[in-house]
Amino acid sequence: MTALLTAAILAPLLGGGLGLILRDRPVLRDIVTLATIAAAALSAFAMLYEVQRNGTTVLRVGGWHPELGIVLVADLFALLVLPVALSIIVVVEIFAVGQRRTRGGANPQLAGPLLCVLTSGVSLSILTGDLFTLFVAFEMILVSSYVLLTHQGQRQQSRSGMTYVVMNLLASTLFLFGVAFVYTATGTVNMALLAERIPQLSDGVRLGIGAWFFVVFGTKAAVFPLFSWLPDSYPTAPTTITAVFAGLLTKIGVYSMIRFHTITGMDDLGPVMLTVAGITMIVGAFGALAQSDVKRILSFHVISQIGYMLMGLGLFTTAGTTGAILFLIHHMPVKTVLFLVGGLIENEQGTSRLDRSGGLARQRPLIAVLFAIPALSLAGLPPFSGFVAKLGVISAGIEAASIPIVVAALVGGALTLLSMTKIWIGVFWGKQSQERNPVPTSPANRRLMRAATGLAVAGTLTISFFAGTLFDLSRQAAEDLRNPSVYIEEVLS
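Residues numbered from 1 in each chain as written. Predicted model: local features only at pLDDT ≥ 70, side-chain atom pairs only at ≥ 80, totals over all residues. Heavy atoms only, no water.

A. Helix 2 (residues 26–54), seen in detail. Look at helix 2: 42 Å from first C-alpha to last across 29 residues, which is about the 42 Å you get at 1.5 Å a residue. At the exit of helix 2 stands G55, carrying a positive phi of roughly 90°. (Helix = DSSP H or I, 4+ residues; strand = E, 2+ residues; numbered from the N terminus. Expected span 1.5 Å × (residues − 1).)

B. Representation of the pairing of strand 2 (residues 71–74). Burial along strand 2 is two-sided: V71 and V73 and L72 and A74, pointing in opposite directions, are all buried. By the bridge criterion, four bridges tie strand 1 (residues 57–60) to strand 2 in an arrangement that is antiparallel. From the neighbouring strand, T57 faces strand 2, where its bridge partner is A74. (Buried < 20%, exposed > 50% of the residue type's maximum accessible area, 1.4 Å probe, protein only. Pairing = 2+ DSSP bridges.)

C. Structural detail: the confidence of the model for the chain. In the predicted model, the chain carries a mean pLDDT of 87, and 94% of its residues have values of at least 70. Considering each helix and strand of the chain separately, the mean pLDDT is smallest for helix 9 (residues 229–233), with a value of 78, and largest for helix 11 (residues 270–289), with 94. (pLDDT = per-residue confidence, 0-100.)

D. The nonpolar core, seen in detail. In terms of nonpolar packing, the biggest core is built from 162 residues, with L127, L131 and F175 touching the most fellow members. Sort the elements by how many residues they give to this core and helix 3 (residues 76–100) lands first, with 16 residues. Non-local contacts of L131, meaning those with residues more than four positions away in its chain, are made with F175, V179, V182, V189, M191, L194, F213 and F260. (Core = buried A, V, L, I, M, F, W, Y, C linked by side-chain atoms within 4.5 Å. Contact = heavy atoms within 4.5 Å.)

E. Focus on the packing of aromatic side chains. Enumeration over the complete set of coordinates arrives at 16 aromatic pairs. Seen from their ring centres, F175 and F217 are 5.6 Å apart, and the 80° between their planes marks the pair as edge-to-face. Of this pair, F175 sits in helix 6 (residues 155–186) while F217 sits in helix 8 (residues 203–221), and the two are 42 residues apart along the sequence. The class for F175 is buried, based on a relative accessible area of 0%. Among the residues examined, F217 registers a relative accessible area of 0% and is labelled buried. Three or more aromatic residues link up through ring pairs in this structure, and these residues are F132, F135, F138, F175, F213, F217 and F260. The positively charged end of K390 is found above the aromatic ring belonging to Y308, 4.7 Å away from the centroid. (Phe/Tyr/Trp six-rings, centres within 6.5 Å; stacked < 30°, edge-to-face > 60°. Lys NZ or Arg CZ within 6 Å of the ring centre and 35° of its normal.)

Shown next as structure tokens:
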């Protein structure tokens, strides 16, 4: 099991190094990139199987005591999220291979190696058991993601990327100060020890720590009012980069928030979180309705959907945390596949603007199907995974008698359906635009890109099919998070 833990983090780093050596040999570079990321994903699935059978696994790096050293923790919560996250990166890399082979298309040497570094950072951020290592993992993600965002050197990408990096550097600075403050107050940054010591602090200090890290993780997750960097930076990036960012990066912020605020008992912040969650849902959904570009609509929906996960956390109940975890698992592949479909639309139409598109359902019915399934899931319609996830958080809200946030969630769902309908009417219905300028792509590469997108759609349908099992596992993970003594015992024993 410890070998699997190590492989999930180090295999992509090895792939990144080899990719740099092979940067002038694109076929070998892509094979190495895909193989090492796939190896990390398979390690994650194997760890999930082991955790279900034998319980949490803890790896003390170098054999140091948790109070002094780095600890990696593979518990059920981490292993519900990690396999989905790494599978997304595998699918996106397959799509990227086809996109990079388009005639006249860019074939950036650094994209694959940097994606490997980002993968390693994602694995480390999910598996780490201390705040400082989490900070290091966030920096790995930030550095690689900034270069991926701007590596094609276009002026608009550089300008939007600067907004992205400034906001995230601000969050990183606040994170580092927060780590120093926590260490001063408790003498440790290990999460299991923090779960013991933070509740013993005075109310003012304890709530100050909780609010500080809510801002840190909230910036990473793009909650209201800390989301301004996202809708400007995501639409300018290449399709595959945007798909990874939308599917993963904000969710790592949500994952960290759920982990930290439940295990340290920050229930007093619930009303603030619920207020922010409701505003995030509504502002993101209205922002999406106001857009006329597929990528910008989907970018605002990243913000809106984060509100549902924050709603589940803010209830600070087992049912709410269960809903948040399930929503997190559902949303990662759904949002990724929608951005991949956006890439297919750009490839066919030469643009993702609604006023320059149209008639794609007749020309490319497969793309219409690939869009319709995740779009209906995002809107929360049965029998798709979004319905089960949204039902989980809304049911938890009703159970907790938090009527205002339930109303906000229902309104947000209706607005989401309207904006998905707007894309459907603008892109897939009507007459073919006279300004259509498809990107020259060979049939083999076109099939590879559609196959990758179809694989991602199949992943969303798999989550729908196993929704009952995933709900039970999410509830078990939520019970463990709500009872920190389980986590403490596993890490410190």
